[in-house]
Structure formats: structure tokens, C-alpha cells
Amino acid sequence: MKTIQGSLIGSGLRFAIAVSRFNELITGRLLDGAVDALTRHDVRHQDIEVYWVPGAWELPLIVKELALSGKYEAIVALGAVIQGDTPHFDYVCAETSKGIAQVSMEQRIPVGFGVLTCSNLEQALVRAGSKSGNKGVDAAIAALEMANLLSQARKTTKGESN
Ligand code: INI
């Protein structure tokens, strides 16, 4: 039996982080968490590029552009969508998540999904570095693991030795 896993060693890997300015109180914390997680796993500061967009709705487009550039082993998408009194929330959440997933699948690049979809600000704060951890950290670590796993899988499926 052969088991293939992605390591959490980030040296030599290049990351783009796309982050939305909407609800920056939250997304700034997600960004800090993501950068901290990557650098703690030996990703160099100069190998991380941060792209700000106006809101979560705009994330799929920049993620697609970054994926197509071929410059990065993985991308992390960060945002915070907080429910209001209208169905706007549902449209933004649905299109953001669908769009990001589509880019990841079509371009075959890991995209860590760090977009919070919360009922209120308190729920978001809890997930942005207080009681329930930091979803920016989780998204960055998932992207790192997947970048290494994909690289392993591509070697293995080409029959190269590891
Ligand atoms: N964008 C967010 O990132 N979070 C939100 O909670 C949000 N709400 O609630 O409206 C939001 N809206 C803006 C949207 O993402 C676009 O930037 C805007 O519609 C312009 O295209």
C-alpha cells in the first residue's frame, strides 16, 4: 500500500492571497492569520503576494487571474460575508464560493477557502482569531498541504520516484 500526503513544509513555494476590503475588521485578521501560518511553515515573506479586492463578490475574478498567471503554487481567498436584511448575502455567498471552486478545479490549483459566511459580526469575530480559531490560518494551511499533495500526485502519476 502506498499512502500519499501533502507535507506542511512551505519552503520554495509561492502564494497569492486575495482578500476583500469589505468587513476589513474581520478580513484583516484573517490575512494576519494566513500570513503568520505560511511564514511559520517556512514560506518566505517575499514569496507571498497580497491582492486586495472591494468585496467577496470580486474574489473569483482575481483568483482566476492569479491562477492563470502560473506564478503561484497555491492561492488563499479571504473574505467575510455577513447577513443583512435582504437576500444580497445569499447571492454574494453563492457566487463567491462557486466561482472560487470553479477556478480551482478548472485551473488545477489549490485555493484555500477562507471566506466567512456569518449571521452577524460576533460570529465572524469568533472565527477570525478569537474563540473558534482563525479561518485564515485554516485556509492557508489547507492551501499549503494541497500544493504539496498535488506536486506529489503529479510525480507519482507520472511514474517518477519520490
Ligand atoms: N461583500 C463582502 O465581502 N461582504 C459582505 O458582507 C457584503 N455585503 O453584505 O454586502 C459584500 N458586498 C459587496 C460585494 O461583495 C461587492 O463588492 C459589491 O456588490 C460590488 O460588486
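Worth saying up front: this structure is predicted, and the values here are computed from it rather than measured.

Thresholds, definitions, all that
- Residues numbered from 1 in each chain as written.
- Predicted model: local features only at pLDDT ≥ 70, side-chain atom pairs only at ≥ 80, totals over all residues.
- Heavy atoms only, no water.
- Helix = DSSP H or I, 4+ residues; strand = E, 2+ residues; numbered from the N terminus.
- Rg over C-alpha atoms; globule rule 2.2 N^0.38 Å.
- Contact = heavy atoms within 4.5 Å.
- Areas by Shrake-Rupley, 256 points an atom, 1.4 Å probe, with all protein chains shown as cover.
- Expected span 1.5 Å × (residues − 1).
- Buried < 20%, exposed > 50% of the residue type's maximum accessible area, 1.4 Å probe, protein only.
- Pairing = 2+ DSSP bridges.
- Axes fitted to C-alpha atoms, helices over the stretch in contact; angles between N-to-C directions.
- Near = heavy atom within 4 Å.
- Polar contact = N/O pair within 3.5 Å; in protein donor to acceptor, adjacent residues only side chain to side chain.

J.: Could you clarify how one ought to interpret the overall build of the chain in this entry?
T.: Counting its secondary structure elements, the chain contains 5 helices and 6 strands. Computed over its C-alpha atoms, the radius of gyration of the chain comes to 16 Å, within 12% of the 15 Å expected for a compact globule of 162 residues. Structurally, the chain occupies a C-alpha span of about 55 × 35 × 30 Å along its principal axes. Long-range contacts, defined as pairs at least 24 residues apart, comprise 79% of the intrachain contacts of the chain with a sequence gap of at least 6. Accessible surface computed for the chain: about 8900 Å², of which carbon and sulfur atoms make up 53%.

J.: Please clarify how helix 1 (residues 24-40) should be interpreted in this entry.
T.: Along an α-helix, a turn takes 3.6 residues, which lines up residues three or four apart on a common side. For helix 1, spanning 17 residues, the distance from its first C-alpha to its last is 23 Å, which sits close to the expected 24 Å at 1.5 Å a residue. All of the buried residues in helix 1 are Ile26, Thr27, Gly28, Leu30, Leu31, Gly33, Ala34, Val35, Ala37 and Leu38. Residue Asp42 follows helix 1 closely and has a positive phi angle near 75°.

J.: When you look at the side chain of Asn148 in this model, what are you seeing that I'm missing?
T.: Note on placement: Asn148 falls in helix 5 (residues 135-157). Residue Asn148 is classed as buried on the basis of its relative accessible area, which comes to 13%. When near neighbours in sequence (up to four residues on either side) are disregarded, Asn148 contacts Gly6, Ser7, Leu8, Ile9 and Leu13.

J.: I tried to follow the sheet that holds strand 2 (residues 48-53) on my own but got confused; where do I start?
T.: Backbone-to-backbone hydrogen bonds pair the strands of a sheet. The strands run either parallel or antiparallel. The strand order across the open sheet built from 4 strands is 2-1-3-4, with neighbouring strands paired in parallel fashion. The two strands at the open ends of the sheet, each matched to only one other strand, are strand 2 and strand 4 (111-118). Taking each pair of neighbouring strands and ignoring which way they run, the sheet shows an average axis angle of 15°. Note: strand 3 (residues 74-82) against strand 4, 8 bridges, orientation parallel. Bridge pairing in strand 4 places Leu78 opposite Gly114. Contacting strand 3 and strand 4, helix 3 (residues 88-107) runs over the sheet at an angle of about 170° to strand 4. Helix-sheet contacts for helix 5 involve strand 1 (15-20), strand 3 and strand 4, and the interaxial angle to strand 3 is about 155°.

J.: What is the right way to read the site of the ligand from this model?
T.: Around the ligand, the surrounding shell consists of Ser20, Phe22, Asn23, Gly55, Ala56, Trp57, Glu58, Ala80, Val81, Ile82 and His88. A distance of 3.5 Å separates an oxygen atom of the ligand from a polar atom in the backbone of Gly55. With respect to the ligand, the side chain of His88 contributes an N or O atom lying 3.3 Å from an oxygen atom. Compared with its free state, where it exposes 460 Å², the ligand has 74% of that area covered by protein. A total of 3 residues in the shell around the ligand trace back to one element, the largest contributor, which is strand 3.

J.: What is the right way to look at unusual backbone geometry in this model?
T.: Most peptide bonds take the trans configuration, and most residues that are not glycine carry a negative phi. Positioned with a positive phi, Asn23 is a non-glycine residue whose angle comes to about 60°. Checked against the element boundaries, Asn23 lands in the loop between strand 1 and helix 1. At Asp42, a position not held by glycine, the phi torsion is positive, near 75°.

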